Amino acid sequence: PGVAPVPGKSTVTATVLWGANNIYSLRADDGRVFEHVRLKGKTLPGTEEEHNPLAPGDVVELDETGGTARILRRVERRNTVLRWNRTRHRMQAIAANADRLCIVASAGTPVYRAAFVDRVLVMAELEEIPAMIVVNKSDLPLSDDATEHLEVLQSVGYAVVATAATVDDDTGVATLTRMLSGQVSVFFGQSGVGKSSLINALVPGLDLATGDVSRRYRRGRHTTTLARQVLVHGERGDTVYIDTPGVREYDLFGYGVTEVAAGFREFRAELSDCAMPGCTHVHEPRCAVRAAVAAGRIHQRRYEAYCRVAQTLQGAGS
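Being a predicted model, the structure only gives us computed values, none of them experimental.

Definitions and limits used
Residues numbered from 1 in each chain as written. Predicted model: local features only at pLDDT ≥ 70, side-chain atom pairs only at ≥ 80, totals over all residues. Heavy atoms only, no water. Helix = DSSP H or I, 4+ residues; strand = E, 2+ residues; numbered from the N terminus. Buried < 20%, exposed > 50% of the residue type's maximum accessible area, 1.4 Å probe, protein only. Areas by Shrake-Rupley, 256 points an atom, 1.4 Å probe, with all protein chains shown as cover. Arc of directions from axis to C-beta. Phe/Tyr/Trp six-rings, centres within 6.5 Å; stacked < 30°, edge-to-face > 60°. Pairing = 2+ DSSP bridges. Right-handed = clockwise from strand over helix to strand, strands pointing away. Axes fitted to C-alpha atoms, helices over the stretch in contact; angles between N-to-C directions. Contact = heavy atoms within 4.5 Å. Disulfide = S-S within 2.5 Å. pLDDT = per-residue confidence, 0-100. Salt bridge = Lys/Arg side-chain N within 4 Å of Asp/Glu carboxyl O.

Undergrad: Describe the overall build of the protein, and please don't skip the residues or the numbers.
TA: Along its length, the protein carries eight helices and 15 strands. Within the protein, buried positions represent 50% of all 318 residues. Accessible surface, the protein as shown: approximately 15400 Å² in total, 48% of it carbon and sulfur.

Undergrad: Just give me the short version of helix α7 (residues 288-295), but keep the residues and values in it.
TA: Taken together, the buried positions of α7 are occupied by Ala-288, Val-289, Ala-292 and Val-293. One side of α7 holds all its buried residues, which, seen down the axis, span an arc of 145°. Away from its buried face, by an angle of more than 90 degrees, α7 presents the exposed residues Ala-294 and Ala-295. Backbone geometry just downstream of α7 places Gly-296 in the positive-phi region, at approximately 90°.

Undergrad: Tell me about the packing of aromatic side chains, and name the residues and values.
TA: Throughout the structure, instances matching the rule amount to nine aromatic pairs. Measuring from centroid to centroid gives 5.8 Å for Phe-187 and Tyr-241, while their planes differ by 75°, and the two rings are edge-to-face. With Phe-187 in strand β11 (residues 184-189) and Tyr-241 in strand β15 (residues 239-243), this residue pair connects regions lying 54 residues apart in the sequence. For the residue pair Phe-187 and Tyr-241, the accessibility class agrees, reading buried in each case.

Undergrad: An account of the pairing of strand β10 (residues 159-162) is requested, with residue identities and associated values reported.
TA: Sheet topology places strand β9 (residues 131-136) next to β10; four bridges connect them, and they run parallel. Across the sheet, residue Ile-133 finds its bridge partner in β10, namely Val-160. For the handedness criterion, the β-α-β arrangement of β9, helix α2 (residues 144-155) and β10 is classed as right-handed.

Undergrad: So what's going on with the sheet that holds β10? Which residues, and what values?
TA: Sheet architecture is open: six strands sit in the order β10-β9-β8-β11-β15-β14, paired in mixed fashion. Here the strands that pair on one side only, and so sit at the sheet edges, are β10 and β14 (228-232). With direction set aside, neighbouring strand axes in the sheet form an average angle of 25°. Where strand β8 (residues 100-106) meets β11, five bridges bridge the pair, whose relative direction is parallel. If you follow Ile-103 over to β11, its bridge partner there is Phe-188. Strand contacts of helix α1 (residues 114-126): β8, β9 and β11, with the helix running at about 175° to β8, the strand carrying the most contacts.

Undergrad: How would you explain the side chain of Asp-63 if you had to name every residue and give the values?
TA: Inspection of the secondary structure assignment puts Asp-63 in strand β4 (residues 59-63). Classification of Asp-63 as buried rests on a relative accessible area of 2%.

Undergrad: So what's going on with the state of the cysteines? Residues and values would help.
TA: Scanning the model with the defined rule gives zero disulfides in all. Its sulfur unpaired, Cys-307 is 9.1 Å from the next cysteine sulfur, which belongs to Cys-287.

Undergrad: A description of the confidence of the model for the protein should follow, citing residues and the corresponding values.
TA: Low pLDDT marks stretches whose predicted atomic positions should not be read closely. Residues at a pLDDT of 70 or more form 89% of the protein, whose mean pLDDT is 87. Every residue in residues 1-6 scores below 50 in pLDDT, and together they form ten contacts with partners more than four places removed in sequence or on other chains. Counted against residues more than four places away or in other chains, residues 209-225, with its pLDDT under 50, gives 40 contacts.

Undergrad: Account for the pattern of salt bridges, naming residues and giving values.
TA: If you walk through the whole model with that rule in mind, you get 17 salt bridges. Across the pair Arg-265 and Glu-125 runs a salt bridge whose closest N-O atoms are separated by 2.8 Å. Here Arg-265, found in the loop between α5 (257-262) and α6 (268-271), pairs with Glu-125, found in helix α1; they are 140 residues apart in sequence, far enough to count as distant. The class of Arg-265 is partly exposed, set by a relative accessible area of 28%. In this structure, a network of salt bridges that share partners links the residues Glu-50, Asp-58, Arg-74 and Arg-77.

Undergrad: I'd like a description of the environment of Tyr-250, backed by residues and values.
TA: Looking at the element boundaries, Tyr-250 is found in the loop between β15 and α5. Residue Tyr-250 is classed as buried on the basis of its relative accessible area of 4%. Beyond its immediate stretch of four places on either side in the chain, Tyr-250 contacts Leu-82, Arg-83, Phe-116, Arg-119, Val-120, Met-123 and Phe-188.

Undergrad: Break down the sheet that holds strand β3 (residues 33-39) for me, citing the residues and quoting the values.
TA: Across a sheet, paired strands are connected by hydrogen bonds in the backbone, their directions being either parallel or antiparallel. An order of β1-β2-β3-β5-β4 is seen for the five strands of this closed barrel, with the pairing classed as mixed. On average, each strand axis in the sheet is inclined to that of its neighbour by 55°, with strand direction left out of account. In terms of strand pairing, strand β2 (residues 23-28) meets β3 through four bridges, oriented antiparallel. Across the sheet, the residue bridging to Arg-27 is Val-33, located in β3.

Structure below.
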């Protein structure tokens, strides 16, 4: 929804490209780019309790009165890509208004982590963001366990694309380019999986900084420190890629157990049939989810993934 202009003020609508310490770079609807823009006042209306009020993809209203642009307010978000901020003990916005969330994993180093992918998918479902899995470094062997996990995800409707961003003429990159054309896509994953390299491959001539994987710990270094947008003009309209900082762990502490159950998409058809109100689907009698697992309608592996998250959340609340 739009925001009504403030009478007597010169206002313009713009999209956040990136920002830090409440100083932002924005692109206006008319194509102008505004650098080093600050908030009008100490906080934006309605964001007082948020750790970071704006993220790449947010749409804002700018006040240009007096020749200096200031951010007046944030337009209501369609959705938000979130992660748990362990320091501030709250969910934090990484990006906003996404058409697609690309969960980038690795076929090499860092190793593919099924639990990480499962948890990010839960967030995407709860935030109503269509998600897919991109397995980068596909020129390297993928473990049998990772292959099985991806097959299970495909069986419940998630798209999986294999890419090798640093290999010339990679067909996976071409496939991804077609799939994401004309959309706003957020790339999210562990440090070192190659998100920046992948976006460089999708946008010839782009040179986002990329990093090596730590040999000592076999995990990625944090090369991207701020989420940022890349805009590509095309025949099907503008395509936007949002590169995000790599993460090593992904927690779901911002959600309750019953919410997380709804984040496993194949659980939803069963949830209303549980006999116990507030069923956690772990130990309660006449649980429809457990019955669906026994009947083969829900894959055992997906149910076990849910139980691990539920146990973590219940332990945090005790």
